[in-house]
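Listed below are the residues making up each chain.
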Amino acid sequence: MKKIIYIAMLIAIITAALPVSAQTKVKGHVVNERGESIEYVSIGFENDSVGVISDAKGHFELTIPAGRKDELSFSHVSYLTAEIPYEKYAKNDKLTVVLKDKVVELAEVVIGKKNKPKTIVGKGIPAPGLVGTSGQGSNLGPEGGVAFSCKKSYVISDILVKVSGCTFKKCKVSINIYERRGKQFVNIHQKPIYETITNEKSKYFLDICPEENIVLKPKTDYYVSIRVVDGFGDKGYLYLNAYMKSGLYRNAVKGKTKKLPVCPAIQVKGYEIEK
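For the structure given in this document, a descriptive report is provided here.

Basis of the calculations
- Residues numbered from 1 in each chain as written.
- Predicted model: local features only at pLDDT ≥ 70, side-chain atom pairs only at ≥ 80, totals over all residues.
- Heavy atoms only, no water.
- Pairing = 2+ DSSP bridges.
- Helix = DSSP H or I, 4+ residues; strand = E, 2+ residues; numbered from the N terminus.
- Axes fitted to C-alpha atoms, helices over the stretch in contact; angles between N-to-C directions.
- Phe/Tyr/Trp six-rings, centres within 6.5 Å; stacked < 30°, edge-to-face > 60°.
- Buried < 20%, exposed > 50% of the residue type's maximum accessible area, 1.4 Å probe, protein only.
- Lys NZ or Arg CZ within 6 Å of the ring centre and 35° of its normal.
- Core = buried A, V, L, I, M, F, W, Y, C linked by side-chain atoms within 4.5 Å.
- Contact = heavy atoms within 4.5 Å.
- Salt bridge = Lys/Arg side-chain N within 4 Å of Asp/Glu carboxyl O.
- Polar contact = N/O pair within 3.5 Å; in protein donor to acceptor, adjacent residues only side chain to side chain.

What follows concerns the sheet that holds strand β6 (residues 72–76). Read from one edge to the other, the open sheet built from 4 strands follows the order β4-β3-β6-β7, with strand pairing classed as antiparallel. Each having just a single partner strand, β4 (51–53) and β7 (79–84) make up the two edges of the open sheet. Within this sheet the neighbouring strands show an average axis-to-axis angle of 15 degrees, counted without direction. For strand β3 (residues 42–44) and β4, the ladder comprises 3 bridges, and the chain directions are antiparallel.

Below you can see the structure in the form of structure tokens.
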């Protein structure tokens, strides 16, 4: 039987020797400037293991251990990140957070007529096991992916993901492409990339073609990842094929990264941009 590597998000909840009242419970709703709910907003602390994702209607609930008084961060690929101070979120039974639209200049790219997509990252030796993530509701596992850089400028044409199995009745996954700036991970696309997976199939081969021009620059560090953002209340696991290549896993919404000797079988293809 193949060895299966489970990678689960560890949520540190300090309860021993502390009264329950010392915890801070935050409930709220995330909307945009037009009052529309924002789905799957990442909510947490920088470099911490405490965090959740808002649901499909923008609602969230988070229990913060005693002693944490840092700003609470709300981030989404299509909006500017908001930082809410402790004094505000600790005194609100129902917190409403408004995210401002992110204004991004669309990249103009020139692709040769005979240009064919090239594999930028993803080729590797298949690993003997699988990688996976698990969770239930908004208490979901980490994102996992592979770090890379490229020697030339490209615009992404396809993101390919090999899914080996799903025990969720249904789950929604998010694909993200980040530029790595030191310890910061900054999304380089403006629109979220979602795919819905069910357990009706034993295997999935996702071929995702972004709706926007996502440009990769030479000599720049990137990270492409996948994570479950909605289990629709069901507890389950998502299994991915793996490559024998160093992978990065973020342990929480905005948590620290960990390196493992295997990575999800994610490929990125793109067209070389003409100068």
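Next comes the rest of the write-up.
Counted by the stated rule, this structure contains 8 aromatic pairs. Between Tyr 40 and Tyr 194, the ring centres sit 5.4 Å apart and the planes meet at 80 degrees, which makes this aromatic pair edge-to-face. Highlighted residues: Tyr 40 in the loop between β2 (24–32) and β3 and Tyr 194 in strand β16 (residues 193–198), separated in sequence by 154 residues. Here Tyr 40 falls in the buried class, since its relative accessible area comes to 8%. Ring geometry for Tyr 237 versus Tyr 239: centroids 6.1 Å apart, planes at 5 degrees, classification stacked. Owing to a relative accessible area of 32%, Tyr 237 belongs among the partly exposed residues under this scheme. Taken together, the ring pairs connect Tyr 178, Phe 185 and Tyr 223 into an aromatic cluster. Looking at Arg 250, its charged tip hangs above the ring of Tyr 178, at a distance of 5.5 Å from the centre. Here the basic side chain of Arg 250 rests over the ring of Phe 185, its NZ or CZ set 4.3 Å away from the ring centre.

The bulk of non-glycine residues show a negative phi, and the bulk of peptide bonds are trans. In this structure, Tyr 40 is a non-glycine residue whose phi angle is positive, near 55 degrees. The backbone of Phe 232 shows a phi angle near 50 degrees, a positive value even though the residue is not glycine. Turning to its location among the elements, Phe 232 is positioned in the loop between β19 (222–230) and β20 (235–243).

Time to look at the sheet that holds strand β5 (residues 59–64). In spatial order, the strands read β5-β2-β8; together these 3 strands make up an open sheet with mixed pairing. Lying at the two open borders of the sheet, with one neighbouring strand each, are β5 and β8 (95–99). When strand polarity is set aside, the average angle formed by the axes of neighbouring strands in this sheet is 35 degrees. Direction of pairing for β2 relative to β5: antiparallel, over a ladder of 6 bridges. Residue pairing for β5: Lys 27 is matched across the bridge by Glu 61.

Bringing the nonpolar core into the picture now. Formed by 39 residues in total, the largest nonpolar core has its most connected members in Ile 159, Val 161, Ile 197, Val 224 and Leu 238. Ranked by the residues each element gives to this core, the list is headed by strand β13 (residues 154–166), at 6 residues. Other than its neighbours up to four places away in sequence, Val 161 contacts Ile 175, Tyr 204, Phe 205, Leu 206, Ile 226, Leu 240, Ala 265 and Ile 266. By size, the runner-up hydrophobic cluster in this structure holds 20 residues, among which are Val 30, Ile 38, Ile 43 and Phe 60.

The next thing to look at is the pattern of salt bridges. When the charged atoms of two side chains with opposite charge come close together, those side chains can pair. Applying the stated criterion across every chain, the model contains 8 salt bridges. The partner of Arg 34 in a salt bridge is Asp 101, with the nearest N and O atoms 2.7 Å apart. Taken together, the residues span a long stretch of sequence, with Arg 34 in the loop between β2 and β3 and Asp 101 in the loop between β8 and β9 (118–121) at a distance of 67 residues. A relative accessible area of 29% places Asp 101 in the partly exposed class. One salt bridge connects Glu 179 with Lys 217, and the closest N-O pair in it is separated by 3.9 Å. Of the two residues, Glu 179 sits in strand β14 (residues 170–181) while Lys 217 sits in the loop between β18 (215–216) and β19, which places them 38 residues apart along the sequence.

Quick look at the side chain of Asn 115 now. Note that Asn 115 resides in the loop between β8 and β9. Separated by 2.6 Å, the side chain of Asn 115 and the backbone oxygen of Glu 272 make a polar contact. In this structure, Asn 115 is in contact with Tyr 271 and Glu 272, ignoring residues within four places of it in sequence.

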